[in-house]
Amino acid sequence: MPKFHGNVLRSLALACMFTGVAAGALMPHAALAQPAAVARGLPDFTDLVDQVGPAVVNIRTVEKMSSGRASANGMDEEMLEFFRRFGVPIPNVPRPQRPQRPQDDEQPRGVGSGFILTGDGYVMTNAHVVDGADEVIVTLTDKREFKAKIIGADKRTDVAVVKIEATGLPAVKVGDVSRLRVGEWVMAIGSPFGLENTVTAGIVSAKQRDTGDYLPFIQTDVAINPGNSGGPLINMRGEVVGINSQIYSRSGGFMGISFAIPMDEAIRVSDQLRASGRVTRGRIGVQIGQVTKDVAESIGLGKPQGALVTGVEAGSPADKAGVEAGDIITRFDGKPIEKVADLPRLVGNTKPGTKSTMTVFRRGASRDLSLTIAEIEPDKPATAKAAEREEKPKASAAAQQIGLAVTELSEAQKKELKIKGGVMIASASDAAARAGLREGDVILAVANTEVSGVKEFEAVLAKADKTRPINVLYRRGEWAQYALIRPGR
């Protein structure tokens with residue numbers, strides 16, 4: 001090893017300090033000669049905003065509030081009458097400084113986003129943006145406003161289509177979701193908190209994210225907030241690849257995770273909405289669960305795949321085809337079922353009346369079964385929501401205390417659900433909402449007592465000890481489960 005004089009070493013050390021190489025870490029000549037990695041600059045979104053921005057719209061919704069139903073501070077008319085009779089000031093409500101509103105006043109309900117799908121005025125947005133609205137107002141970037149007609153809304157995918165009377169509008173270009181890659185840049189335009197034409201950007205965090213039965217969501221870190229719902233998710237080619245729909249949040253605001261509906265799924269839904277105003281989906285009548293690794297190994301399936309049949313509806317297509325509880329559905333119409341969420345999507349996207357083939361794994365062997373796809377009961381149209389609100393009865397004092405309002409079940413509903421009694425939740429708030437109850441759930445029992453109707457429900461609830469958690473047996477879809485309502489919280 002060659003020896004260096006002290007002055008030479010000091011000179012080398014000083015040279016290393018100025019060249020960024022640590023003393024004692026001298027690199028071979030070949031390594032020093034290698035070119036540095038080319039750094040990529042951040043993308044410029046300005047051209048994309050100019051290109052897509054004019055096709056993005058702001059959506060405002062209003063609903064007609066009758067003075068007989070309107071309430072101050074969320075109180076119903078009975079509670080307000082109590083305060084008026086005894087001259088008690090209404091909590092948290094200032095004295096009116098202007099005349100009372102007319103009998104049917106239009107009240108702002110919400111703000112969302114959307115984008116122009118075709119130049120003749122079809123606009124796509126989220127179903128929850130227009131749900132329950134009596135009037136939908138679409139504002140273009142040039143500040144023109146149009147009253148829109150709701151063509152159709154599909155709650156299962158959260159896709160809605162509205163129509164405005166205009167022509168020659170700037171329309172978006174729909175992209176190929178299959179080309180979307182994790183890590184690529186995407187951009188969103190919308191109206192967060194009512195701030196129109198707001199642009200945010202980020203990257204695709206994941207694809208095929210399972211958060212629902214019918215949608216493999218696109219996950220991004222693009223800043224999405226209330227008001228962005230229904231706006232487009234745009235790739236760097238200026239194509240719309242998704243509809244911004246949901247966020248993961250513990251605070252109600254953006255926390256770095258947002259979800260978009262893939263555009264291929266949204267187009268499939270919008271085509272049906274434009275054609276008939278509703279979406280038809282297939283069903284086969286099975287309850288399914290996940291196939292665990294231990295189960296797969298124990299029955300000889302090998303790897304965990306497919307959908308485990310936990311129940312078969314009597315008289316359903318699956319029942320007629322010979323499907324049994326314990327079967328594992330591994331293929332549907334030749335397409336593999338890798339995970340349990342794949343089956344509802346494939347079946348749901350199959351036109352009712354179609355003859356399909358399904359492969360099941362049963363007692364160590366696979367077999368093919370033929371069946372005819374039935375139709376899922378369609379959702380009620382969004383335009384019928386206003387009439388539904390008028391028919392909802394007022395909640396009793398006991399029900400109000402826990403945040404519940406319920407309605408009677410019709411005989412047809414009882415027959416369909418195969419139950420003898422119960423009540424349907426019309427609205428859930430406060431303690432009931434915190435317990436996980438929501439509109440559309442069917443309450444079967446309260447405080448270990450079965451309820452046959454609204455009167456019995458209210459009687460049982462009135463006797464329940466409100467200082468302790470109240471157990472409620474309820475049904476959501478095909479499944480029954482318990483919830484604990486804590487009134488004091």
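Above this text sits the structure in question.
Residues numbered from 1 in each chain as written. Predicted model: local features only at pLDDT ≥ 70, side-chain atom pairs only at ≥ 80, totals over all residues. Heavy atoms only, no water.

## Focus on the environment of Val360
By secondary structure assignment, the location of Val360 is in strand β19 (residues 355-362). Residues Val360 and Ile329 lie 31 residues apart in sequence; the distance between their C-alpha atoms is 4.3 Å. Those residues in contact with Val360 that lie beyond four places of it in its chain are Asp327, Ile328, Ile329, Ala365, Ser366, Arg367 and Leu369. (Helix = DSSP H or I, 4+ residues; strand = E, 2+ residues; numbered from the N terminus. Contact = heavy atoms within 4.5 Å.)

## Points about the packing of aromatic side chains
Considering all chains together, one arrives at 2 aromatic pairs under this definition. Ring geometry for Phe45 and Trp185: centres 6.0 Å apart, planes at 65 degrees, overall edge-to-face. Here Phe45 is found in the loop between α2 (29-33) and α3 (46-52), whereas its partner Trp185 is found in strand β8 (residues 185-190), with 140 residues between them in sequence. Judged by its relative accessible area of 32%, Trp185 is partly exposed. (Phe/Tyr/Trp six-rings, centres within 6.5 Å; stacked < 30°, edge-to-face > 60°. Buried < 20%, exposed > 50% of the residue type's maximum accessible area, 1.4 Å probe, protein only.)

## As for the environment of Arg434
When you line up the elements, Arg434 lands in helix α13 (residues 430-434). Overall, the relative accessible area of 51% leaves Arg434 in the exposed class. For the pair Arg434 and Leu484, spaced 50 residues apart in sequence, the C-alpha separation works out to 9.3 Å.

## What about the nonpolar core?
Within the largest apolar cluster, 37 residues are counted, with the highest numbers of intra-cluster contacts made by Phe115, Met124, Ile243 and Met263. Excluding anything up to four places from it in sequence, Met124 contacts Gly114, Phe115, Leu117, Val159, Ala160, Gly230, Ile243, Met263, Ala266, Ile267 and Ser270. Judged by nonpolar contacts, the second largest core, of 23 residues, contains Ile443, Ile470, Val472 and Tyr474. (Core = buried A, V, L, I, M, F, W, Y, C linked by side-chain atoms within 4.5 Å.)

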